[in-house]
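# Working through the structure, step by step
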Amino acid sequence: MRANLTSKLRLVGLALIIWAGSVPCCSQNPDAAKQIYKGAADSVFLVYLNDASGSPTALGTAFVVGPRTLITNAHVVSSGTPVLAVGPVRIPIRVVRRDEKNDLALLRVDVDLTSTALPLRDTVPSPGERVYAIGNPEGLEKSISEGLISAVRSEGGRKLLQISSPISHGSSGGPILDSQGRVVGVAVGILPDGENLNFAVPVEFVREIEAAAARSNDVEDAVAPQIPDVEVLLARKDKEAYSSDQDSPYQLASAKFGQAMHTAVTLTRKVNDLRQLACLGVRSWDAIDDGIAAARNAYTSTPTVGNSALLAYSLYQGAALQYVSAAFAKDGSDEQHKAQEAERRFLGDASKIALQTKTANGKLDDVAIFVLGGAADQLRNFAGATEYFEKIAGHPVQECGNDLRMLAMRDLISEAAALKHDDEAEGWFRKFTQTYSPSASDWNSEGDRRFQAKDYLVASDAYERAAAADAGYGYDLCYASVGRFLQPSTDEDKVLSDGRDCQDASVKNSDQNSSTEYEKELPVAHLFMGIVLEKRGVYSGALENEKEALSALPGNSLALATEADIFADTARYQECVSAEQAAIAASDGKYADNHFKLGYCYFELENWAMAETSFRKAIQIDPSNATAMYDLGLSVQRQGFTADARHWFLEASKLKADPETRQKIQDALRN
């Protein structure tokens with residue numbers, strides 16, 4: 001029979017938790033461990049326990065969770081007077097709150113620490129999830145190890161995380177971090193007769209001890225940052241250019257905002273302030289866990305419909321973050337699977353709360369309806385998403401300053417497109433334009449939808465509007481140029497002007513993502529510009545454009561054929577032959593027109609035999625081509641085969657031909 005965990009769990013006093021030795025199963029991503037360590041190590045401290053004479057008798061670990069505030073195990077601070085080791089300096093510690101059941105203690109110091117608070121994760125990690133621990137084994141400060149969540153246990157009324165990392169003296173009270181550097185637990189104990197059976201207290205109990213301390217004023221000198229101050233810190237972070245460098249202005253501003261946000265959520269009790277903090281979490285995804293915690297605290301304190309809807313909305317935003325994380329992760333990777341699992345978990349929680357969020361008349365709250373629609377959309381249930389979004393598309397709905405009706409209408413457009421209901425998608429877009437001023441992104445999406453539907457006229461107009469609204473969409477002018485060529489009646493002037501404007505925009509562009517769009521579509525615009533210019537007799541410009549197209553699209557049969565036309569028009573027949581032969585090879589010889597034009601160039605070079613061969617191939621592919629038959633007759637006539645020539649002239653006379661060709665055929669027969 002399995003031994004009871006409660007009876008066998010031995011707190012190893014100050015001998016608890018993670019040693020920095022490697023774990024073979026979990027050493028696949030050293031770069032991740034480096035990033036975790038770089039971001040968190042400065043927030044982890046060595047704690048000494050002094051005896052009555054002031055001499056250290058034991059040691060442990062603590063980590064920063066707020067201004068002057070740290071967390072460790074209760075047993076760490078139970079056998080002496082705790083002091084914080086900051087280099088050679090020893091800072092006195094006050095224990096302001098204990099949770100003996102879960103073996104946690106909330107600590108305060110009377111000096112400001114330059115270290116940032118470690119963010120607390122809002123959800124329970126899943127078995128198999130990779131985690132990282134930082135502690136002070138045997139006094140070796142700030143050692144990191146990597147392991148897995150082995151299981152989530154519940155024994156004797158106590159919840160524990162079982163982890164795979166080994167344990168060593170001195171790291172008790174250290175943080176267990178997920179792959180995003182968020183605290184998921186606090187190192188606490190091992191089983192004495194179980195190999196590598198190690199445990200941590202889930203982070204939810206850290207939140208509880210913080211909240212309990214705030215409610216009872218145990219942390220009397222900890223003042224929650226004012227909401228405007230937190231907003232200012234968020235604005236400062238948003239102004240900085242993103243950088244992954246931990247010493248960059250962005251990361252420093254982000255750390256200050258995160259610390260203020262976490263402290264505010266921990267200490268704030270006013271429901272309206274908690275609602276504002278929840279919305280700040282929605283605005284800044286790196287603070288979404290604290291935002292969800294604020295929404296949950298608001299609902300727990302005051303379980304109104306509005307607070308329930310806000311909690312559902314915050315959880316939905318957490319799911320959206322995980323969706324993005326999964327999208328950018330390597331396909332099939334552990335990181336992607338974990339993000340997808342977290343997304344499903346968030347969506348499940350958000351949907352469950354949303355379905356219970358009803359007004360006094362028993363109807364679902366509008367924000368809850370939006371959440372249910374968004375959840376259905378993320379699960380690719382487009383029909384279900386449409387049903388929800390339609391319910392709120394006709395009247396204003398706001399949450400956290402976001403216009404949910406506008407978002408719902410945009411989603412209705414995309415749902416209809418995903419279901420291939422092109423007319424319905426266009427109808428919703430027209431309704432959207434009656435209520436809102438479309439953004440460049442809206443016009444870009446409209447262009448993509450209409451182009452896909454082969455409505456090239458409307459698509460081109462939309463692309464031009466997108467580029468006019470935002471220079472970042474300058475590449476849309478290439479799509480517009482192509483669309484203007486493909487529309488039922490080619491607008492040649494627009495093909496040229498949009499193409500040239502797209503080329504100018506590509507020169508000014510500095511965005512790597514946009515560069516990919518230019519590289520993909522500008523050559524196609526060059527191709528069609530070349531065709532227009534060849535038709536107009538601007539041969540040098542036409543040839544220049546086709547060369548540009550072929551430099552990016554080598555072997556493009558249409559570009560090669562157009563190049564051949566230019567050579568034919570300018571009496572460069574040998575070059576025409578080479579270009580047309582390349583076009584035939586690129587298209588596997590399936591187009592009659594290519595063979596016909598090759599025959600024409602051979603004819604002009606007076607290579608009657610090769611001209612005959614080419615015209616015969618053109619007729620074989622398209623037996624209705626009277627001009628090809630007439631030219632075949634001329635080719636065999638030039639070789640002295642008069643009877644064969646007359647045969648082909650007679651055959652050509654039986655086919656439909658333009659007046660000029662018909663007159664030539666009749667003249668040939670009379671002669």
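All residue numbers here refer to positions counted from 1 along the written sequence of the relevant chain. Two thresholds apply to this predicted model, a pLDDT of at least 70 for residue-level local features and 80 or more for giving and counting side-chain atom pairs, whereas whole-chain, interface and lining totals are computed over all residues. Working from all heavy atoms in the structure, the side-chain values ignore hydrogens and water.

### Describing the overall build of the protein chain
Looking only at helices and strands, the protein chain has 26 helices and 15 strands in total. Its C-alpha atoms give the protein chain principal-axis dimensions of about 130 × 60 × 55 Å. Between buried and exposed lies partly exposed: a residue is buried under 20% and exposed over 50% of the maximum accessible area for its type, with that area taken using a 1.4 Å probe on protein chains only. The burial tally for the protein chain puts 52% of its 671 residues in the buried class. Working convention for charge: Lys and Arg count positive, Asp and Glu count negative, and His plus the chain ends are omitted. Working definition for charges: the position is that of NZ of Lys, CZ of Arg, CG of Asp or CD of Glu. If the 68 positive side-chain charges of the protein chain are averaged to one point and the 91 negative ones to another, these points end up 4 Å apart. A helix here means a DSSP run of H or I that spans at least four residues, while a strand means a run of E at least two residues long, and both kinds are numbered starting from the N terminus.

### Some details on the state of the cysteines
Criterion for a disulfide: a pair of cysteine sulfur atoms at a distance within 2.5 Å. Overall, the coordinates contain 3 disulfides when judged by the stated rule. Across the disulfide from Cys 478 sits Cys 502; the S-S distance is 1.8 Å. Every disulfide takes its handedness from the sign of the S-S torsion; for Cys 478 and Cys 502 that torsion is -90 degrees, giving left-handed. With Cys 478 in helix 16 (residues 476-486) and Cys 502 in helix 17 (residues 492-508), the pair connects residues that are 24 residues apart, well separated along the chain. Counting only the cysteines that take part in disulfides, in the order they occur along the protein chain, gives the pairing 1-2, 3-4, 5-6.

### A word on the environment of Ala 74
As for its placement among the helices and strands, Ala 74 is situated in the loop between strand 3 (69-72) and strand 4 (81-86). With 585 residues separating them along the chain, Ala 74 and Pro 659 place their C-alpha atoms 102 Å apart.

### Description of the pattern of salt bridges
Note on pairing: side chains with opposite charge can pair once their charged atoms come close. Whenever a carboxyl oxygen of Asp or Glu lies within 4 Å of a side-chain nitrogen of Lys or Arg, that contact is scored as a salt bridge. In total, this model carries 35 salt bridges according to the counting rule given. Notably, a salt bridge pairs Arg 94 with Asp 110, separated by 3.3 Å at the nearest N-O pair. Residue Arg 94 is located in strand 6 (residues 94-99), and its partner Asp 110 is located in the loop between strand 7 (104-108) and strand 8 (130-135); the two are separated by 16 residues in the primary sequence. Residue class for Arg 94 comes out partly exposed when judged on its relative accessible area of 28%. Judged by relative accessible area, which is 48%, Asp 110 ranks as partly exposed. When the shortest N-O distance is used, the salt bridge between Lys 597 and Asp 565 registers 3.1 Å. Of this pair, Lys 597 sits in helix 22 (residues 592-604) while Asp 565 sits in helix 20 (residues 557-569), and the two are 32 residues apart along the sequence. An identical accessibility class is assigned to Lys 597 and Asp 565; each is buried. When salt bridges that share partners are traced, they join Glu 426, Arg 430, Glu 446, Arg 449, Arg 450 and Asp 455 into one network.

### Some thoughts on unusual backbone geometry
With the exception of glycine, the majority of residues adopt a negative phi angle, and the majority of peptide bonds are in the trans configuration. Despite not being glycine, Lys 142 shows a phi value in the positive range, around 55 degrees. Along the chain, the position of Lys 142 falls in the loop between strand 8 and strand 9 (143-155).

### A few points about the packing of helix 22 against helix 23 (residues 608-621)
Lines fitted to C-alpha atoms define the axes here, with helix axes fitted over just the stretch in contact, and angles between the N-to-C directions of these axes take values from 0 to 180 degrees. The geometry of helix 22 relative to helix 23 is characterised by a closest axis approach of 8 Å and an angle of 160 degrees between their N-to-C directions. One way to sum up the angle between helix 22 and helix 23 is to call them roughly antiparallel. Relative to helix 23, helix 22 is oriented so that their crossing is left-handed. The segment helix 22 lies against helix 23, with Ala 592, His 595, Phe 596, Leu 598, Gly 599, Tyr 600, Tyr 602 and Phe 603 engaging Trp 608, Met 610, Ala 611, Ser 614, Phe 615, Lys 617, Ala 618 and Ile 621. Along the lines of polarity and charge, the residues of the contact of helix 22 with helix 23 split into 12 nonpolar, 3 polar and 1 charged. In these notes the angle categories are as follows: under 35 degrees is roughly parallel, over 145 is roughly antiparallel, 65 to 115 is roughly perpendicular, and the rest is oblique. In this scheme, a crossing is called left-handed if the near helix is turned counterclockwise away from the far one by less than a right angle; it is called right-handed if the turn is clockwise. Contact criterion: two residues are considered in contact whenever any of their non-hydrogen atoms come within 4.5 Å of each other. By the convention adopted, Pro, Cys, Tyr, Trp, Phe, Met, Ile, Leu, Val and Ala count as nonpolar, Lys, Arg, Asp and Glu as charged, and the other residues, Gly among them, as polar.

### Section: the side chain of Asp 498
Tracing the backbone shows Asp 498 in helix 17. For the buried residue Asp 498, which engages in no salt bridge, the nearest side chain bearing the opposite charge is Arg 484, 4.2 Å off. In contact with Asp 498, other than residues within four places in its own chain, are Glu 464, Leu 477, Ala 480, Ser 481 and Arg 484.

### Overview of the pairing of strand 6
Should DSSP find at least two bridges between two strands, the strands are taken to pair. Relative to strand 7, strand 6 is paired through 5 bridges, and the arrangement is antiparallel. In the sheet register, Arg 94 faces strand 7, and the bridge partner there is Arg 108.

### Remarks on the pairing of strand 5 (residues 89-92)
The sheet contact formed by strand 4 and strand 5 spans 4 bridges and is antiparallel. From the neighbouring strand, Val 83 faces strand 5, where its bridge partner is Pro 92. Between strand 4 and the antiparallel strand that follows it, strand 5, lie 2 residues; Gly 87 among them carries a positive phi value of about 65 degrees.

### Digging into helix 17
In this model helix 17 runs 25 Å from its N-terminal to its C-terminal C-alpha over 17 residues, within 8% of the 24 Å that 1.5 Å per residue would give. Residues Glu 492, Val 495, Leu 496, Asp 498, Gly 499, Cys 502 and Ala 505 constitute the buried set of helix 17. Residues of helix 17 that are buried sit in contact with helix 15 (456-469), helix 16 and helix 18 (512-536). A helix is expected to span 1.5 Å for every residue after the first.

### Focus on the packing of aromatic side chains
The rule is short: rings of Phe, Tyr and Trp, with Trp giving its six-membered ring, pair when the centres are within 6.5 Å, and they are stacked under 30 degrees, edge-to-face over 60, tilted in between. Following the criterion strictly, the structure yields 16 aromatic pairs and no others. When the centroid spacing of 6.3 Å and the interplanar angle of 50 degrees are considered together, the rings of Tyr 313 and Phe 370 count as tilted. Pair noted here: Tyr 313 is in helix 8 (residues 305-328) and Phe 370 is in helix 10 (residues 366-378), with a separation of 57 residues, a long-range link. Residues Tyr 313 and Phe 370 agree in their burial class; the two are buried. A ring pair is formed by Tyr 475 and Tyr 518, whose centres lie 6.0 Å apart and whose planes are at 85 degrees; its orientation type is edge-to-face. On the criterion of sequence distance, the pair formed by Tyr 475 in the loop between helix 15 and helix 16 and Tyr 518 in helix 18 is long-range, its members being 43 residues apart. The exposure class of Tyr 518 is buried, given its relative accessible area of 6%. Chaining the aromatic ring pairs together yields one cluster made of Tyr 313, Tyr 316, Phe 370 and Phe 389.

### Let's talk about the packing of helix 11 (residues 382-392) against helix 12 (residues 404-418)
At a minimum axis distance of 9 Å, the contact between helix 11 and helix 12 shows a crossing angle of 150 degrees. Where helix 11 crosses over helix 12, the handedness of that crossing is left-handed. Here helix 11 contributes Phe 382, Ala 385, Thr 386, Phe 389, Glu 390 and Ile 392 to the contact with helix 12, which in turn contributes Arg 405, Ala 408, Asp 411, Leu 412, Glu 415 and Ala 418. Grouping the constituent residues of the contact of helix 11 with helix 12 by class yields 7 nonpolar, 1 polar and 4 charged.

### Regarding the confidence of the model for the protein chain
What pLDDT conveys is the predictor's confidence in a given residue, as a value from 0 to 100. Looking at the protein chain as a whole, the pLDDT averages 89, with 92% of positions reaching at least 70. Counting contacts from residues 1-27, a segment whose pLDDT is below 50, to residues more than four positions away or on other chains yields 89 contacts.

### Observations concerning the sheet that holds strand 4
Taking strand neighbours across the sheet as the criterion, the 7 strands line up as 5-4-1-2-3-7-6 in an open arrangement whose pairing is antiparallel. On the outer flanks of this sheet lie strand 5 and strand 6, each paired with one strand and no other. Looking at each pair of strands side by side, their axes are set apart by 35 degrees on average, direction ignored. Pairing geometry for strand 3 and strand 7, over 4 bridges, is antiparallel. Bridge pairing in strand 7 places Thr 72 opposite Ala 105. Strand contacts of helix 3 (residues 204-215): strand 2 (56-66), strand 3, strand 6 and strand 7, with the helix running at about 50 degrees to strand 7, the strand carrying the most contacts.

### Here we look at the environment of Thr 266
Take Thr 266: it is sitting in helix 5 (residues 249-267). Note: C-alpha distance between Thr 266 and Lys 363 (97 residues apart in sequence) is 33 Å. Beyond its immediate sequence surroundings of up to four residues, Thr 266 is in contact with Glu 210, Ala 211 and Ala 214. Within the local environment of Thr 266, its side chain forms a polar contact with the backbone oxygen of His 262, the two atoms lying 2.8 Å apart. Whenever a nitrogen or oxygen atom comes within 3.5 Å of another N or O atom, the pair is scored as a polar contact, on the condition that within protein one atom can donate a hydrogen and the other can accept it, and that pairs from neighbouring residues in sequence are kept only if both atoms are in side chains.

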